[in-house]
Amino acid sequence: MKNFKIEMQGVKKSFGSKDVLRNVNLDVKKGESLVIIGGSGTGKSVTIKTILGLIKPDAGKILVDGQDVTNLGGNDRDEYLKKFGMLFQGGALFDSMTIWENVAFGLTQGQKMSKKEAYPIAIEKLEAVGLKESIAQHYPAELSGGMQKRVSLARAIARNPEIIFFDEPTTGLDPIMADVINDLIRKCVSELGATAVSITHDMASVRKIADSVAMIYEGEIIWHGPIEKLDNSGNEYVDQFINGRAEGPVKF
Amino acid sequence: MFLIDPILNVCERLGRRLLMLFSIVGRLVMFAFHALRDVLVPPYYPKLIGQQFINIGYYSLTVVGLTALFSGMVLALQSYTGFARFNAESAIANVVVLSITRELAPVLAGLMVAGRIGASIAAEIGTMRVTEQIDAMTTLSVNPFQYLIAPRVLAGTLMLPVLVFIADIIGVFGGFIVGVYVLDFNPYTYIQQTWDFVQAMDVISGLVKAAVFGFIVTLMGCYCGYNSGRGAQGVGAATTNAVVSASILILIFNYILTQVFFS
Ligand SMILES: Nc1ncnc2c1ncn2[C@@H]1O[C@H](COP(=O)(O)OP(=O)(O)OP(=O)(O)O)[C@@H](O)[C@H]1O
Ligand SMILES: [Mg+2]
C-alpha cells in the first residue's frame, strides 16, 4: 500500500449526459513508468487531468503519496502541483512568451527564481529534447508542430518533477525524434527517479517506455499489468488494440 | 386539463430560467470575490499590472478622447437650439459641464472601453482557456487568477477614472470650441460660467462611476473568457457576451449610482 505514488479509487466523471469515466481504479507505483492505452475519446486525457485537479471528479477518491487530494484548494493545491510536470496533448504553450520563457515559466513565475538562474536550466532542457539555444528567443507560433511539442516537453520536465504526465509525447514527431523522446522519458524515470504516466497510441513507444501498461475502455481500466505480460494478457480487448485489428470486441 | 398544462409548462420554463439566472449571478459574484481577494494577496506581478495599465489606459486614450470631444461639441450645439428661444445662452456652459462630468464621460467611456478592452480580454483569456494554457499555468503552480485576472481588473478599476477625468476636460473643451467659434460666445465668460457651475461632487461622482464601470468591463471580460466554451466558437461567444453583458451592466449601475449620489 505504502509504495503507491498515485491511487485512483472508483473515479467517475460525466460531461452533461456523457459518462466519460465510469469507474476508474488505477495504482501507479513509485518510480515506475506506466503507459495508458485505449481508443480515441475513451477518457485518457480526462483521467490524468482529474489527478492534477484540473477536472473535478463527480465521485471517487484520488490519493497521491497516500494523501487524499480529491478536493485540494488554494495554497495546498499550488504546493501539491509542484510535484507534477505535465505535457499537454495540444502543447498548450503560452503564445505571448518566448520559447525559453515558456520552458522557464514554472521556475521564474511559479517559484520566483531569477531569470539569470532560470535561463541556463531552460537551455539545458531544450537541448535534452533536441532543440538548439538559437530558438530560445523565438515565439511558439514560429516553430513547427513537432518542435512545439518538444518545447512543451522541456517545460514539463524543467522543474525535475516527481511525477510527470506525458499526453501523447511522440505524436507528430518523426521516428528518430520519437525515439529520442522515448529515451528521454526513460531517463527521467531511471536517472531522476520520477514516476511517469504516459498516454500513447504508438506501440513502439509503449514497448520502449513502459514498465506497466493499463488499458482504458468505456471509462474503466479493463486491464493493468507489467509490460512483459502485454502480449499474452489473455484479454481480447488488449490483443485487438495492440495488434491494431479492426475486428474484435472493441466496438466503434 | 388542456388549459392547466400549458400554464404549468410556462411556469416551469420561467422557473428554470430564473434558477439559471440566479446560478449565473451567484457564480459571477463568487468570481468577483475571488478576483478581488487575489488582487490583495501576494504574489504580485508588478510587470503584468504595468502592462495592463498601459494597455487599458494609454491605448484607450484616443477613442475615449474623441468620444468626449464630439459629445461636448454636440451638446453645446443642441442645447443652444433649445435655450436660444428663452435667451438663456448662459445655461449652455452649465449643461455641457454637468452632462459631461456626471453622465456622458463615464458612461460613454465605459461603453467604448467595454468594446475595446472587454472584448480583447475575453478573446485573449478565452483562447488561453481553449488551448489549455490556463490549465498549463495551473500545473506550473501559477494561479491564473493572480497572473491573468487580478492585473486586468485592478488596471481597469484604477485606469478608467483617469481616462474619464481626461474625458471631462476634453468634453468641456469641445463645448467651449463650439460655444466660442460657432455660437460666438465670449471665451472668458464661457470659462467663467463653467467654473462657477461645476461642483466637486459632479466630477467625483463621475469618477466613482468610472471606477465601477472599469471593474465591470474587466471583470466581465475575464469571467466570460475564463468560462469560455470549447473551440473558436466558444471564444467568439465569450467575446460577444463580455461586451453585451458589460454594456448592460454599465447602464444599470449608472442608474443605481445616480440614484445614490443625487437623491
Ligand atoms: N471539458 C470537457 N467538456 C466536455 N466534454 C469533454 C471535456 N473534456 C473531455 N470531454 C469529452 O470526454 C471524452 C474523453 O476525452 P479525452 O480527451 O479524455 O479523450 P482521450 O482518451 O484523451 O482521446 P484521444 O486519444 O483522442 O486524445 C471525449 O468524448 C470528450 O469529448
Ligand atoms: Mg487525449
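Each chain carries its own residue numbering, running from 1 in the direction its sequence is written. Written order determines the labels here, with chains lettered from A and ligands numbered from 1. Side-chain atom pairs in this predicted model are given and counted only at pLDDT of 80 or more, local residue features only at pLDDT of at least 70, and totals for whole chains, interfaces and linings cover all residues. As a rule here, side-chain values cover all heavy atoms of the structure and leave hydrogens and water aside.

The subject of this paragraph is the overall build of chain A. Numbering of helices and strands starts at the N terminus; helices are DSSP runs of H or I of at least 4 residues and strands are runs of E of at least 2. Across its full length, chain A carries eight helices and 10 strands. Against the globule reference of 18 Å for 252 residues, chain A gives a C-alpha radius of gyration of 18 Å, in line with a compact fold. Projected onto the principal axes, the alpha-carbon positions of chain A cover approximately 55 × 40 × 35 Å. Contacts between residues were defined by any pair of non-hydrogen atoms, one from each residue, lying within 4.5 Å. Sequence-distant contacts in chain A: of pairs separated by 6 or more residues, those separated by 24 or more amount to 63%. Residue burial considers only the protein chains on display, and all accessible areas are found by Shrake-Rupley using a 1.4 Å probe. Accessible surface, chain A as shown: approximately 11,200 Å² in total, 49% of it carbon and sulfur. Throughout, radius of gyration means the C-alpha value; the globule benchmark is 2.2 Å times the number of residues raised to the power 0.38.

All right, on to the packing of aromatic side chains then. A pair of Phe, Tyr and Trp rings is counted when the ring centres sit within 6.5 Å of each other, with Trp represented by its six-membered ring. The angle between the planes then sorts it: under 30 degrees is stacked, over 60 is edge-to-face, the rest tilted. Scanning the model with the defined rule gives 17 aromatic pairs over all chains in all. With a centroid separation of 5.4 Å and an interplanar angle of 65 degrees, the aromatic rings of Y58 of chain B and Y59 of chain B are classed as edge-to-face. Categorising residues by exposure relies on relative accessible area from a 1.4 Å probe, with only protein chains included: less than 20% of the type maximum marks a residue as buried, more than 50% marks it as exposed, and the intermediate range marks it as partly exposed. Relative accessible area serves as the criterion here: at 54%, Y58 of chain B is assigned to the exposed category. Every member of this aromatic cluster is reached through a ring pair, and the members are Y80, F173, F176, F185 and Y190 of chain B. Here, a charge over a ring is recorded when the distance from Lys NZ or Arg CZ to the ring centre is within 6 Å and its angle to the ring normal is within 35 degrees. The ring of F94 of chain A is capped by R155 of chain A, whose NZ or CZ atom sits 4.7 Å from the centre of that ring. A cation over a ring is seen here: R129 of chain B above Y226 of chain B, with NZ or CZ 4.7 Å from the ring centre.

Taken as a whole, the second largest pocket spans an internal volume of roughly 650 Å³. Here the term cavity refers to a set of points on a 1 Å grid, laid over the protein atoms alone, in which a 1.4 Å probe fits but cannot get out; the term pocket refers to an open set having protein on both sides within 12 Å along at least five of seven lines, with lining residues being those that place an atom within 4 Å of a point. Residue lining of the second largest pocket: 25 residues in total, with M97 of chain A together with K47, L48, Q51 and Y147 of chain B positioned closest to the centre. At the level of secondary structure, the elements contributing two or more residues to the lining of the second largest pocket comprise α3 (99-110) of chain A together with α2 (46-56), α4 (91-130) and α6 (144-182) of chain B. All residues other than Ala, Val, Leu, Ile, Met, Phe, Trp, Tyr, Cys, Pro, Asp, Glu, Lys and Arg, Gly among them, are scored as polar; the first ten of these are nonpolar and the last four charged. Partitioned by chemical class, the residues of the lining of the second largest pocket number 13 nonpolar, six polar and six charged. Grid points are joined across faces, edges and corners, and a volume is the space filled by probe spheres set on the points.

Bringing α6 of chain B into the picture now. Residues and elements named next belong to chain B. Given the number of residues in a helix, its expected span is that number minus one, multiplied by 1.5 Å. Given a rise of 1.5 Å per residue, 39 residues ought to cover 57 Å, and the 53 Å separating the end C-alpha atoms of α6 matches this to within 8%. At A150, α6 shows its strongest bend, of approximately 35 degrees, with the proline P151 following within four residues. Measuring from the backbone nitrogen of F145 back to the side-chain oxygen at the start of α6 gives 2.8 Å, which picks out N143 as the cap. In the segment just after α6, D184 is the residue with positive phi, at about 60 degrees. Axes are fitted to the seven residues ending at a residue and to the seven starting at it; the angle between these axes is taken as the bend at that residue. We define a polar contact as two N or O atoms separated by no more than 3.5 Å, with the added condition that, inside protein, one atom must be a possible hydrogen donor and the other a possible acceptor, whereas residues neighbouring each other in sequence contribute only through side-chain atom pairs.

What follows deals with the pairing of strand β10 (residues 220-226) of chain A. All names here are of chain A. Bridge count between strand β9 (residues 212-217) and β10: six bridges; the pairing is antiparallel. Bridge pairing links I216 to I221 in β10. At least two bridges found by DSSP between two strands is the condition for calling them paired. What sits between β9 and β10 in their antiparallel hairpin is a turn of two residues, with E218 showing a positive phi close to 50 degrees.

Residues are counted as near a molecule or strand when any one of their heavy atoms sits within 4 Å of it. Surveying the vicinity of ligand 1 reveals 15 residues, the closest of which are S40, G41, K44, S45 and Q89 of chain A. Close to ligand 1, residues of chains A and B are found. Within the contact set of ligand 1, an oxygen atom lies 2.7 Å away from a side-chain nitrogen or oxygen of S45 of chain A. At 3.3 Å, a side-chain N or O of E168 of chain A approaches an oxygen atom of ligand 1. Within the complex, 73% of the 640 Å² of free accessible area of ligand 1 lies under protein. Those elements that place two or more of their residues in the shell around ligand 1 are β2 (18-29) and α1 (44-52) of chain A. For the shell around ligand 1, the element with the highest residue contribution is α1 of chain A, accounting for three residues. When the residues that make up the shell around ligand 1 are grouped by side-chain class, the tally is three nonpolar, eight polar and four charged.

Side chains of residues three or four places apart in an α-helix project in the same direction, reflecting 3.6 residues per turn. Residues and elements named next belong to chain B. Helix length check: helix α1 (residues 4-40), at 37 residues, gives a terminal C-alpha distance of 54 Å against a target of 54 Å (1.5 Å per residue), a fit within 8%. Buried within α1 we find L28, F31, A32, A35, D38 and V39. Here the buried face of α1 lies against α6 and α8 (200-226).

Here we come to the coordination of the magnesium ion (ligand 2). All names here are of chain A. Taken together, S45 (OG) and Q89 (OE1) make up the full set of protein donors to the magnesium ion (ligand 2), lying 2.0 to 2.2 Å away. Taken together, the residues S45 in helix α1 and Q89 in the loop between β6 (84-87) and α3 connect sequence positions 44 residues apart. A relative accessible area of 17% means that S45 is categorised as buried. Look at Q89 and you get partly exposed, because its relative accessible area is 36%. Because water is not among the atoms used, a metal site may look incomplete, as its donors are only the N, O and S atoms within 2.8 Å, or 3.2 Å for Na, K and Ca.

A few words now on the pattern of salt bridges. When their charged atoms lie close together, side chains carrying opposite charge are able to pair. Residues and elements named next belong to chain A. Salt bridges are identified by distance alone: a Lys or Arg side-chain nitrogen within 4 Å of an Asp or Glu carboxyl oxygen. Taken as a whole and assessed by the stated rule, the structure comprises 17 salt bridges over all chains. D65 serves as the salt-bridge partner of K5, at 3.1 Å between the closest nitrogen and oxygen. Placement of the pair is K5 in strand β1 (residues 4-15) and D65 in the loop between β4 (59-64) and β5 (67-68), with a sequence separation of 60 residues. Residue D65 is classed as partly exposed on the basis of its relative accessible area, which comes to 38%. When the shortest N-O distance is used, the salt bridge between E162 and K5 registers 2.8 Å. Taken together, the positions of E162 in the loop between α5 (145-157) and β7 (163-167) and K5 in strand β1 put the pair 157 residues apart, joining distant regions of the chain. The network of salt bridges with common partners includes K5, D65, K83 and E162.

Core analysis: the largest hydrophobic core is formed by 97 residues, its most contacted members being I6, I51, F84 and F165 of chain A together with Y147 and I149 of chain B. Setting aside residues up to four positions removed in sequence, Y147 of chain B forms contacts with M97, F105 and Q109 of chain A together with Y45, L48, M137 and V142 of chain B. Core analysis: the next-biggest nonpolar cluster, separate from the first, contains 48 residues, L107, A136, A196 and F241 of chain A among them. Note on terminology: a nonpolar core comprises buried Ala, Val, Leu, Ile, Met, Phe, Trp, Tyr and Cys residues joined through side-chain atoms within 4.5 Å.

Residues and elements named next belong to chain B. A patch is a set of surface residues, each over 30% in relative accessible area and not in a salt bridge, joined within 9 Å for like charges and within 5 Å for the nonpolar side chains Val, Leu, Ile, Met, Phe, Trp and Tyr. Together, L18, L19, L21, F22, V25, V29, F33 and L36 line one region of the surface with nonpolar side chains, adding up to about 820 Å² of accessible area. Structurally, V29 is set in helix α1. Judged by relative accessible area, V29 falls into the partly exposed class, the value being 41%.

The description of two helices packed together rests on the angle between their axes and the distance between the axes. Residue and element names in this part refer to chain B. In this description, a line fitted to the C-alpha atoms serves as the axis of each element, helices being fitted only across the stretch in contact, and the angle between N-to-C directions of two axes falls anywhere from 0 to 180 degrees. At a closest axis distance of 10 Å, the pairing of α6 and helix α7 (residues 187-197) adopts a crossing angle of 145 degrees. At the point where α6 passes α7, the crossing takes the right-handed sense. Contacts between α6 and α7 involve V172, G175, F176 and V180 from the first element and P187, Y190, I191 and T194 from the second. Classifying every residue of the contact of α6 with α7 gives six nonpolar, two polar and no charged. Working rule for handedness: look at the near helix, and if it is turned counterclockwise from the far one by less than a right angle, call the crossing left-handed; if clockwise, right-handed.

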